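# Structural overview
Spelled out, the chains give:
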Amino acid sequence: MSVFASLQPVPADPILGVTEAFNADQSPDKINLGVGVYVDEQGRIPLLDSVTAAQADLDQAPHPYGYLPQTGIPAYDQASAKLVFGANSPALLGGRIVSIQTLGGTGALRIGAGLFRLATPQATVLISDPSWENHRLIFERTGYTVGTYRYYDAQTGGVDFDGLLADLNQAAAGTIVILHGCCHNPTGCDLTPAQWDQVIAVLQERDLVPFIDFAYQGLGHGLDQDRYVVEALVDAGLEFAVANSYSKTFSLYGERVGAIHWVTADASEATRVASQAKTVVRSLYSNPPTHGAELVAAVLNTPELGALWEQEVAGMRDRIKAMRAAFRTGLESAGVSRDLNYITTQVGMFTYSGLTPTQMARLRQDFHIYGLDSGRLCMAALNQSNIERVVAGVAAVMG
């Protein structure tokens, strides 16, 4: 009998499966609103000017590519921590933060899950309902039991905040709670600062462990504004983890550039956490790659390039907001009678459109427009050349 005889096929990943179907579609008018990638007005993944300038500088000083430290490039780790927490964060200045380079945001979550598994093997994990599909897979494959807390209110197109608080208040002490720092994926529904304060109070009272997925810093309201929950958790004195990614904001998808950060009780604990984190990295991939992290470190540590990058992130953020507004206006002009306010109150790359799986199937079959069966559509993939077709298709299936 084959050693693999017991393995059964699993359904395709919802996001990757949509991309495969899109690639197989022969229509010249096909539009992919399923994958979480920012594209410009020409429908292309942009090459940022800040990244191009950093690459030119690196080309002037070629060097061999030896193994990096297990924790990555120190200048990259330090710059990432300053971006995520703020340069004047008391936790950072107090030596209480451990930051290491990872293989994208997914790798950051996986390393974080691995370290938490060493520290709290009996804990359970809660993710939002709904959440990014990979959250459940990452933590279940690390050995955790994964549950959910209420998040999305389909009636309002916003957050079910009462349900969220009720579920967190029922969680056992030590439960690891996965929270989206900004630009919630897949719904685009974010908590307000006042709501974050209430959530943090429950986390403290119930002795829960926050793990912030922070993949979209800068694409919500701004680099500083989007880290409200991170700063508030530090101010509250909690120990927690943050996973961040540069795929979207640096347009470095294929370079797999991310970082994981742990806020610990004191500098001594930070030293112990760092040593254990290295063992998790060693068991998975030993050392991170060089090139993408060099580019990010060069941009973040060079004032002129950093300022240029911030302008470019603001440009992406503003264009996404403009596409949201145009999408909503177009649907209203097409005669869609339902309240569409949620489209422009949601933030970030995605909107939860409210379309059913049947409607999404019709959108693919009749209009060659691809999104997830959950109704998630990528606003960052809209542009002036495709938005009329998207509006027409969505309006038709909405009825």
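Note: the structure precedes this text.
All of the points below concern the structure found in this document. Computed from a prediction, not measured in an experiment: that's the story for all the values here. (Residues numbered from 1 in each chain as written. Predicted model: local features only at pLDDT ≥ 70, side-chain atom pairs only at ≥ 80, totals over all residues. Heavy atoms only, no water.)

Another point: the nonpolar core. Here is a general trend for soluble globular proteins: nonpolar side chains tend to be buried in one another's company. One finds F85, F240 and F327 to be the most contacted residues of the largest nonpolar core, which totals 97 residues. Among all residues touching F85, those that are not within four sequence positions of it are I97, R227, V230, E231, V234, F240, V242, H261 and V263. Among the nonpolar cores identified, the runner-up in size contains 35 residues, and F116, A123, V125 and W132 belong to it. (Core = buried A, V, L, I, M, F, W, Y, C linked by side-chain atoms within 4.5 Å. Buried < 20%, exposed > 50% of the residue type's maximum accessible area, 1.4 Å probe, protein only. Contact = heavy atoms within 4.5 Å.)

Here we come to the packing of aromatic side chains. Given two aromatic rings, one states the distance between the centres and the angle between the planes to describe the pair. Taken as a whole, this structure holds 10 aromatic pairs when the rule is applied. The interplanar angle of 50° and the centroid separation of 6.3 Å between the aromatic rings of F85 and F240 together place this pair among those described as tilted. Of the two residues, F85 is situated in helix α3 (residues 74–85) and F240 in strand β9 (residues 240–245); the sequence distance between them amounts to 155 residues. The residues F85 and F240 share a single accessibility class, namely buried. The ring of F22 carries K30 above its face, with NZ or CZ at 4.5 Å from the centroid. When the ring centre of Y144 is taken as reference, the NZ or CZ atom of R117 above it lies at 5.1 Å. (Phe/Tyr/Trp six-rings, centres within 6.5 Å; stacked < 30°, edge-to-face > 60°. Helix = DSSP H or I, 4+ residues; strand = E, 2+ residues; numbered from the N terminus. Lys NZ or Arg CZ within 6 Å of the ring centre and 35° of its normal.)

What follows covers helix α8 (residues 193–206). For α8, which comprises 14 residues, the first-to-last C-alpha distance of 20 Å matches the rise-based estimate of 20 Å (1.5 Å per residue) to within 8%. Residues Q195, W196, V199, I200, V202 and L203 constitute the buried set of α8. Taken down its axis, α8 places every buried residue within 160° of arc, on the same side. Summarising the contacts, the buried residues of α8 are in contact with α7 (161–169), β7 (176–180), β8 (209–214) and α9 (228–236). (Expected span 1.5 Å × (residues − 1). Arc of directions from axis to C-beta.)

Our focus in this paragraph is the pairing of strand β3 (residues 125–129). Within β3, 4 of the 5 residues are buried, which leaves the element mostly enclosed by the surrounding structure. With 5 bridges joining them, β3 and strand β4 (residues 146–150) adopt parallel strand pairing. Of the residues in β4, the one forming a bridge with I127 is T148. For the crossover that starts at β3, traverses helix α6 (residues 133–141) and ends in the parallel β4, the hand is right-handed. For β3 and β7, the ladder comprises 2 bridges, and the chain directions are parallel. In the strand pairing of β7, L126 is matched with V177. (Pairing = 2+ DSSP bridges. Right-handed = clockwise from strand over helix to strand, strands pointing away.)

This part is about the sheet that holds β9. Reading across from one edge, β2-β10-β9-β8-β7-β3-β4 is the order of the 7 strands in this open sheet, with mixed pairing throughout. Each having just a single partner strand, β2 (97–103) and β4 make up the two edges of the open sheet. Taking the axes of each pair of neighbouring strands and ignoring which way they run, one obtains an average angle of 25° across the sheet. Strands in contact with α3 are β2, β8, β9 and β10 (257–263); relative to β10, the strand with the most contacts, it is inclined by about 70°. The sheet strands contacting α7 are β3, β4 and β7, and the helix crosses β4 at an angle near 140°. (Axes fitted to C-alpha atoms, helices over the stretch in contact; angles between N-to-C directions.)

Turning next to the pairing of β2. Counting buried positions along β2 gives 6 out of 7 residues, so the element sits mostly inside the fold. As defined by bridge partners, β2 adjoins β10 across 7 bridges and the pair is classed as antiparallel. What sits directly across from S99, in β10, is H261.

Inspection of every chain in the model, using the stated rule, returns 10 salt bridges. With a shortest N-O distance of 2.9 Å, E41 and R319 are connected by a salt bridge. One end of the pair, E41, is in the loop between β1 (31–32) and α2 (49–59); the other, R319, is in helix α12 (residues 303–333), with 278 residues separating them in the sequence. Given the relative accessible area of 26%, E41 is considered partly exposed. Here R319 falls in the buried class, since its relative accessible area comes to 12%. (Salt bridge = Lys/Arg side-chain N within 4 Å of Asp/Glu carboxyl O.)

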